[in-house]
Amino acid sequence: MTILGALLAARSWRPGLLASARGGDAAARRAERRQILLVLALCLIFGVLLVGHSLPFWLAAAIFVSVAIVALQSRQRQATGQKLSLRGIATAAAIGLGAGIVITIVFQEIFLVRLP
Amino acid sequence: MLTGLADLGQAYLNILNFTSLAYGLSGALLGIIVGCLPGLSATLCIALLTTLTIKLAANDAILILICSYVGTLYGGSRTAILLNIPGTAANAASCADGHALALRGEAGRAIGIATSGAFSGTLFGVLCLAAFTPVLAEVSLSFGAYEFFWLALLGVAMSGSIVGNDPLKGWLMGTLGLFVAQIGQEGLYAYDRFTFGWSQLSGGISLIPALVGAFGFAEVLTTLADPVERKMVEMRDSVLPRFREGRAILAHRAAFGGDRVLTGLMPGVGEDAGAWMSYAAAKAVSKEKEQFGKGSIDGLMAAETGDMSSIPGHIIPALALGIPGSAPSAVLMAAMIIHGIQPGPMLMIQHPQFIYDVVAMTSLATVSILIFGLFLIKPLLLVLKIRRAVLMPIIFLLCTVGAFASASRLFDIYCMIAIGIGAFFLRRRGYQMAPFVLGLVLGGLLDKSLRRGLVLSDGSIEPFFTRPISIGFATVTILILLLYIPAFKALISNITGGISRQIGRLTSRHA
């Protein structure tokens, strides 16, 4: 791994490499970075903090899915200058609750798989 | 010969009951739905279904997994045709011609061609699976630790060379996979390696969480990082292929079927490579080369038959040698092990019927995709209308369940997240995950074979280079690595060029 890594580094090196890597559409890159950070934060909060720490799985799943849908959709709406309606939030909550309950029933009760 | 045919007949009779047919059809349908959804791969589908089917009987579980494997790769062609996004990496070759046909108002026709191409491709692969697996399993009985060491190394070297555009990055990912496979208690004397005193790492990095992270969570991140949500092309025409197209499909199968299954036999060369090689071969012999990429029927057909016929090709080495041909077949192999069936040379002795059962299962999967593909088109297209902001959080939820379910360890969820984040950033920099997975799967075999070989030879490396099969594998592996050194490549080109010129002169003198 060290040898291959060193070969890659040697092959990639050229003067002004870092400056050229920073080029491109800065606004688009910033928006993409924000989107990635949001998704990472949501997934890490669910996977590390919510799951397996005394909260029932169906409830943790419902909270995660609802919040993730609301957060992702409001970012999409923001880009088009719209706001997420109350109806949209209620639909997200219903989908989250439905997903949490259905996944719990299917895995735990029908296929007898243990859930965190 | 006759015993083999009797076993094959028995295998077909075994799946002709309501429960097996229901499992097979639902597995294929679920696979098609997953394949339709951009960003969800066959590997993820099989990994998640492995955890869901963990309590089922071995044959029922493997039936569901094989049907979903075939279904996912087939389903990916829908998104390639209608959205110009390959549902799975294997369908990338179908994008250009399939979407061009859809834009011309011939989406139904394109789906029909993809369906019949996929059906004939898988069927041809199934015949090869039935014919070659028992033979290869018999041959592999003569392999020892030395041969398995080279075979595992060959898998990682070949996977690194062929997948992606950069062999250096491929080999780096392969060696990273080999390294991760060494974490935890080692197999011969059970002492900890690379655990740094952390007891959770003693059990090693399990394959299912690693795969779910590399192919599931990373896909979720990749899909959600893309700011554009693409619009689907409407389908108005019929999907039933015309007579001339059916004849062309059969002709294509006859011409290129064998080499696509052979592509599948190469370790680590995924279904996407099978599709691209088939596409390139069809373009090379086509009379309408300029149509390729602009809505060519031959191009679409070649791409679809290529990726589908390599599926049985990937299953053959997984069953006979215990060396998976691709990432999805690696998960399939892991699922077999979880269900108490150890693929490899001993399979023909311990479970001789199982190879034929797999042939029957793949046949059922083939028929399933034809049925769903031709007669359940419109309802399946509804899946494509689900918004990714709704779908992806649910997929991540399933990834969490999938990572946890096999061993009920929270640590596996953390591994899945860590590997997923790493895979996401690595993929953005052009590092492919297939060599990593091959390294992870083959790491244990490589390590055990090397050390067993050294124990048997009393520390001497001589048998690794002197046994007849070993020397063959060693030569191929070393050649693959050396061919990427420009000076060596130029030398080989000079030698082969000189030989072909000499042959040319000799034949012209005789003429």
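Please refer to the structure placed before this passage.
Just so you know, these numbers come straight off a predicted model, no measurement behind them.

(A) The environment of Phe436 of chain B, seen in detail. All names here are of chain B. Its place among the elements puts Phe436 in helix H19 (residues 434–456). Residue classification places Phe436 among the buried residues on the basis of a relative accessible area of 6%. The spacing of Phe436 and Ala327 is 109 residues in sequence and 9.3 Å in space, taken between C-alpha atoms. Ignoring any residue separated from it by four or fewer positions in sequence, one finds Phe436 in contact with Met173, Gly174, Leu176, Gly177, Val180 and Ile419.

(B) Broad picture of the side chain of Thr366 of chain B. Residues and elements named next belong to chain B. Tracing the sequence through the fold places Thr366 in helix H15 (residues 352–375). For Thr366, a relative accessible area of 0% translates into the label buried. A polar side-chain atom of Thr366 sits 2.6 Å from the main-chain carbonyl oxygen of Thr362. If sequence neighbours within four positions are ignored, Thr366 has contacts with Phe119, Thr122, Leu123 and Val126.

(C) A look at the nonpolar core. If you look at the biggest cluster of nonpolar residues, it comprises 173 residues, and the most contacted ones within it are Phe46, Phe57 and Phe64 of chain A together with Phe217, Leu397 and Met416 of chain B. Residues within four places of Phe57 of chain A in sequence aside, it is in contact with Phe46, Val51, Ile103, Thr104, Leu115 and Pro116 of chain A together with Leu397 and Val401 of chain B. Listed in part, the seven residues of the second largest apolar core include Ala93, Tyr279, Phe292 and Ala302 of chain B.

(D) Quick peek at the pattern of salt bridges. All names here are of chain B. Applying the stated criterion across every chain, the model contains seven salt bridges over all chains. With its nearest N and O atoms 2.9 Å apart, the salt bridge here joins Arg467 to Glu147. Note that Arg467 is positioned in the loop between helix H20 (462–466) and helix H21 (468–482) and Glu147 in helix H7 (residues 145–162), a separation of 320 residues in sequence. A relative accessible area of 31% means that Arg467 is categorised as partly exposed. For Glu147, a relative accessible area of 2% gives the class buried. Glu219 is paired through a salt bridge with Arg427; the nearest N and O atoms lie 3.4 Å apart.

(E) Layout of the packing of helix H9 (residues 207–225) of chain B against helix H17 (residues 388–405) of chain B. Residue and element names in this part refer to chain B. Between H9 and H17, the shortest axis-to-axis distance is 10 Å and the interhelical angle comes to 165°. Here H9 lies roughly antiparallel to H17, going by the angle between them. Judged by the twist between their axes, the crossing of H9 over H17 is left-handed. Residue-level inspection shows Ile208, Pro209, Val212, Gly216, Phe217, Val220, Thr223 and Leu224 of H9 in contact with H17, the latter providing Arg388, Met392, Ile395, Phe396, Cys399, Gly402 and Ala403. In the contact of H9 with H17, the residues fall into 11 nonpolar, three polar and one charged.

What counts and what doesn't
- Residues numbered from 1 in each chain as written.
- Chains lettered and ligands numbered in written order.
- Predicted model: local features only at pLDDT ≥ 70, side-chain atom pairs only at ≥ 80, totals over all residues.
- Heavy atoms only, no water.
- Helix = DSSP H or I, 4+ residues; strand = E, 2+ residues; numbered from the N terminus.
- Buried < 20%, exposed > 50% of the residue type's maximum accessible area, 1.4 Å probe, protein only.
- Contact = heavy atoms within 4.5 Å.
- Polar contact = N/O pair within 3.5 Å; in protein donor to acceptor, adjacent residues only side chain to side chain.
- Core = buried A, V, L, I, M, F, W, Y, C linked by side-chain atoms within 4.5 Å.
- Salt bridge = Lys/Arg side-chain N within 4 Å of Asp/Glu carboxyl O.
- Axes fitted to C-alpha atoms, helices over the stretch in contact; angles between N-to-C directions.
- Parallel < 35°, antiparallel > 145°, perpendicular 65-115°, else oblique.
- Left-handed = near helix turned anticlockwise from the far one by under 90°.
- Nonpolar A, V, L, I, M, F, W, Y, C, P; charged D, E, K, R; others polar.

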